[in-house]
2 protein chains.
Amino acid sequence: MASQVKNVGILAMEIYFPPTCVQQEALEVHDGVSKGKYTIGLGQDCMAFCTDVEDIISMSLTAVSSLLEKYNVDPKQIGRLEVGSETVLDKSKAIKTFLMQIFEEHGNTDIEGVDSTNACYGGTAALFNCVNWVESSSWDGRYGLVICTDSAVYAEGPARPTGGAASIAMLVGPDAPIVFESKLRGSHMAHAYDFYKPNLASEYPVVDGKLSQSCYLMSVDACYKHYCNKYEKFEGKQFSVDDAEYIVFHSPYNKLVQKSFARLMYNDFLRNARSINEDAKEKLSPFSNLSIDESYQSRDLEKVSQQVAKPLYDKKVQPTTLIPKQIGNTYTASLYSAFASLIHNKQSELTGKRIIMFSYGSGLAATMFSFRLNEGQHPFSLSNIAAVMNVADKLESRHELMEHRYGAKDFVTSNDTSLLAPGTYYLTEVDSSYRRFYAKKTCK
Amino acid sequence: MASQVKNVGILAMEIYFPPTCVQQEALEVHDGVSKGKYTIGLGQDCMAFCTDVEDIISMSLTAVSSLLEKYNVDPKQIGRLEVGSETVLDKSKAIKTFLMQIFEEHGNTDIEGVDSTNACYGGTAALFNCVNWVESSSWDGRYGLVICTDSAVYAEGPARPTGGAASIAMLVGPDAPIVFESKLRGSHMAHAYDFYKPNLASEYPVVDGKLSQSCYLMSVDACYKHYCNKYEKFEGKQFSVDDAEYIVFHSPYNKLVQKSFARLMYNDFLRNARSINEDAKEKLSPFSNLSIDESYQSRDLEKVSQQVAKPLYDKKVQPTTLIPKQIGNTYTASLYSAFASLIHNKQSELTGKRIIMFSYGSGLAATMFSFRLNEGQHPFSLSNIAAVMNVADKLESRHELMEHRYGAKDFVTSNDTSLLAPGTYYLTEVDSSYRRFYAKKTCK
C-alpha cells in the first residue's frame, strides 16, 4: 500500500483563535514602555488570549469540530489523530484524549496517535508523524488529523507582549493540494536552555531572550545548510531563496522573522548563490570574512542584510505575516498560522509553487522543509481552504478584555459565552478532582 | 524508497534500571499491611527506584549510550530519535533534547523526532512513529532510536507499591529480528479520568484504581476485537490466542496481567474460537449471557476465567513477567520490559513465532499489535539482544535504599555513585535556573 499513495500532504485546514485580544499599542501604554517598543521593535500589532471560558482544549475541540463539519468529513473516516502543544494542563493525559469525545459519539475509537511535545516544534512533529503514517504499511486508508493548540502567556516584563493563543487543525492524506517534498528536509536538534518550563506549578516559562534568539538563528543556518545539501543531492543543482516562491517562519514576533530571512540571504551570499545580485554582493562584501560567532554578534551585518533582503522579504515573506502579527506567538500553531496567512492572501495563485517552512522549538528542535502546492479538488482545494478559514472575518470580529486561571481546581467558570461564536466549545467547570468539563455553544 | 524496505522493526534493545530497589515483602511490613497484599494480591516481587543521583534523563542517557556502544552503532548513523515518557521534569523542553548531547559530540544534529506523551502509551506511539518513518518517503536510510523512560512514584496508600523505574532503548530499521506485522493492529482511544496528573507541582498522579482497571480491561476487549477483525480480513480465518506464541501486556502489576489474559480467553469463548477446549467451554458456559457491564463486575467470571486460562497463561504469558515483577511499573517502559523478559527467557527459541503486544496508557490510549520474530544477524540477533541486556546480572546486583526530590532547584546531589556501574550517567546538580547537569561514571 505504501507504494501506491502519492502526493501526501495537507488536504484541509481550519484555524480558531479567541475572539478576545489586546492591541500592542494599548499594551505599550499599559506597561509604560516607549511608544513603538512592541509595534515596531517586535513588529507585532495585536495579541489574542483566552478568557476563563476558553483554553487549549476548548480551542482544539472547536477547530476539530469545525473542520469536520465544514469539509464534510465523517468522523469515522479519521484513522489517526495527533496533537502538538506545549501548554500542559495535565502531565499524563494527552490533549488528544479530550478530542476523542468528538469521535466516540460516532463509535470511532480506533484512532492512533497521541501528543507530540517539544516547545513550539510539537505541531511539526505531529504533522510529520501523520504524513509518515499515510506512507507506511500500517496505513488503513483513512485520514489523519493534526491539531496544533497553544496559549502563550508570559510573566510581566519584556516577553509579555509575545503571548498569543490559537488552534489549527489540518487534515492529512494522499492527493493533497499541499504536498510534502519529503526528501528535502533539514533538521537541527540540540540541548539548550534558551526557553523552558521547569517550574511546574507556573504557567510562565523561564526565558533567556538573547540565547533564544541566537539559538533560533543558528538553527535557521544549520537547517538551511542541510536543506540546500539535500536539494543539491536530489536535484543536481544549487538551491537559493529564488527557488522558493514563499518562505514561512515560526513567528514568535515579526522582527525575528525579518532577521531570519536576512540570515538566509547572508547564507546565499556566502554560498555565492544566484539570489544575490551585484548590488547585494557589494553591500555584503565587508562581512564575507566574519567567523560564524561574529556574524551572530554583528549589528552592522544585521542591519545591512535586512536592507539587502527587504525587496525579497516583501515579496516572499510579508504575505505570511498577517495572522502571527495579529494574534501573537501561538507556539506550535505559529508556523501554521503564518502559512494560513499565505493561503488567505494568495489562494489559488499558489498553484505550482514551492513554499519553504521553518519550524523551531526551544530546547531545541528545528526543521526546514517544503511544500509543493496545487489547486486540488473541492472541498480539498486552496480556494476552499481560504474560504473555510475565513481569516478576515475572524480577525475583524474581535473584542478586548482579560481574565485568567492556571492549574486551579474546584471552580465554575463565568460561563459567559457572549463573545463566542455559535459552535465554539468552552470550559464550564473544573471539579474538585481537576476534571475539566466542556460544552458547545449551540445558538446565539 | 518506501517500497524497498522490508521487515521493519526492532534491531537491538538495551534496558537500564536503577541498582536500588525495595522488596515488596519489606514494603508490606513497612506499610503495616497484611502479609501477601503486595506479593500475592498485586503479584509483585520487588520495586526499582531512583536515588538522588538518577532520574529519567540520566537513565535514558545511560541506556542510549550503552546501546550505541554495545551494538557498535556510530552515532552519526542515527537519523531519528524519539522518547516516550510521562515523567515531566520540564513542560516544554523535550527529554530528547537532553539525549542530543550524545550526538552533538559526534557532529550529528540532523536527527528528527521529539517526545510522545500519553501516560504509559507514549513509548508505543514513539515506536510506531519510528517504524512509519523508516517506511515513509522521508526516510534517509539511517536508523531510528526509541527511548521509553519513566519513574513511577505514588503517594502513600494502596498505589504506592506499584511504583518502578527504568529506561529502555530500541534501535529501529529494516531487516530486523523483531518485525512489525503492521496490518494487524487494533486501537482503542477514549476520554477517561482513570489516572492523570493535573496537580502540576506534584509528582503523584490522581488515581481512580477501580476505574483504571476497568478502563484497562475494556481496552483489552476493544483492541482484541479490532485485532481479530483485521486478522480475519487479511488472513481469511478466525484468530484465537492459539495463533500467538506469547502475549505481552503493559504490566502495572502482575495481577492485572493475569486478569487481562483471562479476559482474552473469555473473548475467545464468546467468539467460539478454537483456543477453548470442551472443559473450558463447560466451565465458562454459565457466563455466556452476561451483558458486557456484568462481565466486568462478575467476581465469579474473574475467578473461573483465570482458572480456565491458567495452563495457557503459564505457557504464553508467564515468561514475559520477570522484569515487571522485579522492577515494578515503569510506565512507558513497562510493556517493553515485559517483552525484554521474554527475549531474556526464550532467546533464539522465539524464531518464527508471533508475539502479541498490548499497550495501554490511561486517559486513555491502547493498541494491540504483533511482532513476527526471526533470529536476525549479529549484532542484531535475538541471542545477542539477550546477551547485551544481561537481565539476570542486572537484577542480581541490586541494593536497597530510598531518597527523593522532585521539581526542586538550586541543589547539588550527593554525587554518591558508589552503587552505580561504570558507564552510568548520573545527576550532579540542578542550578538556580533549574538547569540540570549530568556526568558519566567513568571508573569504579
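A. Inspection of helix α13 (residues 382–389) of chain A at higher detail. In terms of burial, α13(A) is a largely internal element, 6 of the 8 residues being buried. Remark: A:Asn390 follows α13(A) within two positions and exhibits a positive phi of approximately 50°.

B. Geometry of the interface of chain A and chain B. Taken together, the contacts link 69 residues of chain A with 70 residues of chain B. For the chain A and chain B pair, buried surface summed over both sides reaches about 6100 Å², with 51% attributable to carbon and sulfur atoms. Inspection of the region where chain A meets chain B yields 4 salt bridges. Residue A:Arg185 is joined to B:Glu112 by a salt bridge in which the shortest nitrogen-to-oxygen separation is 3.0 Å. Taken together, chain A and chain B are joined by 52 residue pairs in polar contact (both at pLDDT 80 or more). Among the elements that make up the side of chain A that touches chain B, the one with the highest residue count is strand β8 (residues 178–189) of chain A (7 residues). In terms of residue class, the side of chain A that touches chain B is built from 27 nonpolar, 24 polar and 18 charged.

C. View of the sheet that holds strand β18 (residues 436–440) of chain B. Residue and element names in this part refer to chain B. Strand order in the open sheet formed by 3 strands is β16-β17-β18, and the pairing between neighbours is antiparallel. This sheet does not close on itself; its edge strands, each paired only once, are β16 (411–412) and β18. Pairing of β16 with strand β17 (residues 425–430) involves 2 bridges; the strand directions are antiparallel. Looking at the pairing, Phe 411 lines up with Val 430 of β17.

D. Fine view of the relation of the copies chain A and chain B. For the match of chain A to chain B, the screw axis carries a shift of 0.0 Å, the RMSD comes to 0.0 Å, and the turn is 180°. Both copies of the chain, as the preceding transformation shows, are related through a two-fold rotation axis.

E. Main features of the packing of aromatic side chains. One pass over the structure, following the stated rule, counts 44 aromatic pairs over all chains. For the ring pair A:Phe180 and A:Phe371, a centre distance of 4.9 Å and an interplane angle of 85° mean the geometry is edge-to-face. Here A:Phe180, found in strand β8, pairs with A:Phe371, found in strand β13 (residues 365–373); they are 191 residues apart in sequence, far enough to count as distant. You'll find A:Phe180 and A:Phe371 in the same group, each marked buried. Here a set of aromatic residues connected by ring pairs shows up, and it is made of A:Phe128, A:Phe180, A:Phe339, A:Phe369 and A:Phe371. Between A:Lys93 and the ring centre of A:Phe98, over which it is positioned, the NZ or CZ distance is 4.6 Å. Stacked on the ring of B:Phe128, the Lys or Arg B:Arg185 has its end atom at 3.7 Å from the ring centre.

F. How the structure looks around the packing of helix α3 (residues 56–70) of chain B against helix α4 (residues 95–104) of chain B. All names here are of chain B. It is the contact of α3 with α4, at a shortest axis distance of 10 Å, that shows an interaxial angle of 40°. The pairing of α3 with α4 is recorded here as oblique in orientation. Considering how the two elements wind past one another, α3 and α4 form a crossing that is right-handed. Packed against α3, whose contacting residues are Ile 56, Ile 57, Ser 60, Leu 61, Val 64, Ser 65 and Leu 68, the element α4 presents Ile 95, Phe 98, Leu 99, Gln 101, Ile 102 and Phe 103 at the interface. Looking at side-chain class alone, the contact of α3 with α4 contains 10 nonpolar, 3 polar and no charged residues.

G. Here's a closer look at the pairing of strand β17 (residues 425–430) of chain A. Residues and elements named next belong to chain A. Taking burial as the measure, the 6 residues of β17 include 5 buried ones, the bulk of the element. Relative to strand β18 (residues 436–440), β17 is paired through 5 bridges, and the arrangement is antiparallel. Paired with Tyr 425 across the strands is Lys 440, a residue of β18. Between the antiparallel neighbours β17 and β18 lie 5 residues, among them Tyr 434 with a positive phi of about 70°.

H. Highlighting unusual backbone geometry. The omega angle of the peptide bond from B:Gly363 to B:Leu364 is 10°, so this bond is cis rather than trans. Note on placement: B:Leu364 falls in the loop between β12 (354–361) and β13 (365–373). For A:Ala119, which is not glycine, the phi torsion reads 45° and is therefore positive. If you trace the backbone, A:Ala119 turns up in the loop between β5 (115–117) and α5 (122–135).

I. Broad picture of the pattern of salt bridges. For the structure on display, the rule yields 44 salt bridges over all chains. Residue A:Lys283 pairs with A:Asp279 through a salt bridge whose shortest N-O separation is 3.2 Å. Taken together, the positions of A:Lys283 and A:Asp279, both in helix α8 (residues 278–284) and 4 residues apart, correspond to about one turn of that helix. Between B:Lys394 and B:Glu14 there is a salt bridge, and its shortest N-O distance comes to 2.9 Å. Of the two residues, B:Lys394 is situated in helix α14 (residues 391–396) and B:Glu14 in strand β1 (residues 9–16); the sequence distance between them amounts to 380 residues. Through salt bridges with shared partners, one network takes in A:Arg80, A:Glu82, A:Glu112 and B:Arg185.

The rules behind each value
- Residues numbered from 1 in each chain as written.
- Chains lettered and ligands numbered in written order.
- Predicted model: local features only at pLDDT ≥ 70, side-chain atom pairs only at ≥ 80, totals over all residues.
- Heavy atoms only, no water.
- Buried < 20%, exposed > 50% of the residue type's maximum accessible area, 1.4 Å probe, protein only.
- Helix = DSSP H or I, 4+ residues; strand = E, 2+ residues; numbered from the N terminus.
- Contact = heavy atoms within 4.5 Å.
- Buried area = accessible area lost by both parts, 1.4 Å probe.
- Salt bridge = Lys/Arg side-chain N within 4 Å of Asp/Glu carboxyl O.
- Polar contact = N/O pair within 3.5 Å; in protein donor to acceptor, adjacent residues only side chain to side chain.
- Nonpolar A, V, L, I, M, F, W, Y, C, P; charged D, E, K, R; others polar.
- Pairing = 2+ DSSP bridges.
- Least-squares fit on C-alpha atoms with pLDDT ≥ 70 in both.
- Phe/Tyr/Trp six-rings, centres within 6.5 Å; stacked < 30°, edge-to-face > 60°.
- Lys NZ or Arg CZ within 6 Å of the ring centre and 35° of its normal.
- Axes fitted to C-alpha atoms, helices over the stretch in contact; angles between N-to-C directions.
- Parallel < 35°, antiparallel > 145°, perpendicular 65-115°, else oblique.
- Left-handed = near helix turned anticlockwise from the far one by under 90°.

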